[in-house]
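One-letter residues, chain by chain:
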Amino acid sequence: MKLCRYGTKGEERPGLVDKDGCIRDLSALIPDLTPIEVTPESIALLRTIDPETLPLVGGAPRYGVPVNGIGKFIAVGLNYADHAAEAGLPVPPEPVFFTKAISCLTGPDDPVMIPRGSQKTDWEVELGIVIGTTCRYVEEADALDYVAGYVLVNDVSERAFQKELGSQWDKGKGCDTFGPVGPWLVTPDEVGDCQALDMFLDVNGTRRQTGNTRTMIFPVAHCIAYVSRFITLHPGDVLTTGTPPGVGEGQRPTPIFLKPGDTVRLGVEKLGEQCQNVIAFDLAAVA
């Protein structure tokens, strides 16, 4: 099952994507797709609905962030050995994780805005997880049972802010528009093996990242279990799990960073695609 939110920013409605890729409106049944709607009980109720009984949404509406009211946005870094190598960093002995600001969340095809003073805005295609059941000291063997679904994430990053202004990665990870998520939340039964998903990212039509989730250093279940030792994860929280090699910072012989006018297209198998236009800093765009 694919769930989404669609419509203009701030006025999104809940939807279900049918077998033909068309959006079916869910707003007569639920007011929005919020954390309570991604719990196991709510997902089970949504499964009983015949999509063909729901109103068909015409046109090509904008997709919003698939869940409204996300409480935490946690990210795992350096989770692909090749990416750690291109960053000039050793493979971590334990997962490295940090937070991305909730205010950076944006729809999958909304513009990415270069922050004021930025010279090193970068891209990262990632597999994201939406939590469906409260996670606290979860065992790795059970961790995937706590997943409501999977999402595509672009962990946009400003490398100078991240690495040259002290040791706090959060500075370069939570700028406005740095968290495109979606287009859909895809339930685990439709995804299958989350450690066998192809990934890609193009910039201006040139392939920059190609990978597969099987090459993660710490698999999805390990990441969930590990984070749950330190931070309680609640329904609707998003955990994104790292990126394969090919980020702009790692391009050789010269790093490549995003600039206004660029276009980024990315995807994870079974989770859809995103396409973002890169724009210059504009305070009015996020006011």
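Keep in mind that this is a model prediction, so the values were computed, not measured. (Residues numbered from 1 in each chain as written. Predicted model: local features only at pLDDT ≥ 70, side-chain atom pairs only at ≥ 80, totals over all residues. Heavy atoms only, no water.)

Some remarks on the packing of aromatic side chains
The description of two aromatic rings rests on the distance between their centres and on the angle between their planes. The tally for this structure, following the rule as stated, stands at 4 aromatic pairs. For the pair Tyr226 and Phe230, a centre-to-centre distance of 5.1 Å together with 55° between the ring planes defines the contact as tilted. Owing to a relative accessible area of 10%, Tyr226 belongs among the buried residues under this scheme. Here the aromatic cluster, defined as three or more aromatic residues joined through ring pairs, consists of Phe97, Tyr226 and Phe230. The ring of Trp184 is capped by Lys2, whose NZ or CZ atom sits 5.3 Å from the centre of that ring. (Phe/Tyr/Trp six-rings, centres within 6.5 Å; stacked < 30°, edge-to-face > 60°. Buried < 20%, exposed > 50% of the residue type's maximum accessible area, 1.4 Å probe, protein only. Lys NZ or Arg CZ within 6 Å of the ring centre and 35° of its normal.)

Some words on the layout of surface pockets
Space inside the largest pocket adds up to approximately 440 Å³. Taken together, 23 residues form the lining of the largest pocket, with Lys9, Leu105, Thr106, Gly107 and Asp110 sitting closest to its centre. Counting only elements with at least two residues in the lining of the largest pocket, the list comes to strand E6 (105–106) and helix H6 (283–286). Of the pockets and cavities examined, the second largest pocket occupies roughly 210 Å³. Surrounding the second largest pocket, 16 residues form its lining, Leu16, Val17, Asp18, Lys19 and Pro51 being those nearest its centre. Elements with a contribution of two residues or more to the lining of the second largest pocket: strand E2 (13–17) and helix H1 (40–47). (1 Å grid on protein atoms, 1.4 Å probe; cavity = no way out; pocket = protein on both sides within 12 Å on 5 of 7 lines; lining within 4 Å. Points joined across faces, edges and corners; volume = space filled by probe spheres on them. Helix = DSSP H or I, 4+ residues; strand = E, 2+ residues; numbered from the N terminus.)

Re unusual backbone geometry
Here the bond from Gly182 into Pro183 is cis, since omega is 20°, no more than 30 degrees from zero. Along the polypeptide, Pro183 turns up in the loop between strand E12 (179–180) and strand E13 (185–186). With phi around 55°, Leu78 is a residue other than glycine that occupies positive phi space. With a phi angle near 75°, Thr177 is a residue other than glycine that sits in the positive phi range. Along the chain, Thr177 turns up in the loop between helix H3 (159–163) and E12. A relative accessible area of 11% places Thr177 in the buried class.

A closer look at the sheet that holds strand E7 (residues 112–113)
Strand order in the open sheet formed by 5 strands is E7-E18-E17-E14-E15, and the pairing between neighbours is mixed. With partners counted over all chains shown, the strands left at the sheet margins are E7 and strand E15 (206–212), one partner each. (Pairing = 2+ DSSP bridges.)

Examining empty space enclosed by the protein
Across all of its chains, the model carries 1 cavity of 30 Å³ or more by this definition. In terms of lining residues, the largest cavity is bounded by 18 residues, among which Leu78, His83, Glu124, Arg159 and Trp169 are the most central. When contributions to the lining of the largest cavity are tallied by element, the ones reaching two or more residues are strand E4 (73–77) and H3. Tallied by class, residues from the lining of the largest cavity come to 6 nonpolar, 5 polar and 7 charged. (Nonpolar A, V, L, I, M, F, W, Y, C, P; charged D, E, K, R; others polar.)

Some thoughts on the side chain of Glu126
Tracing the backbone shows Glu126 in strand E9 (residues 125–131). No salt bridge is formed by the buried Glu126; the nearest opposite charge belongs to Lys173, separated by 5.5 Å. Of the polar contacts made by the side chain of Glu126, one reaches the backbone nitrogen of Gly242; its length is 3.0 Å. (Lys, Arg positive; Asp, Glu negative; His and termini not counted. Salt bridge = Lys/Arg side-chain N within 4 Å of Asp/Glu carboxyl O. Polar contact = N/O pair within 3.5 Å; in protein donor to acceptor, adjacent residues only side chain to side chain.)

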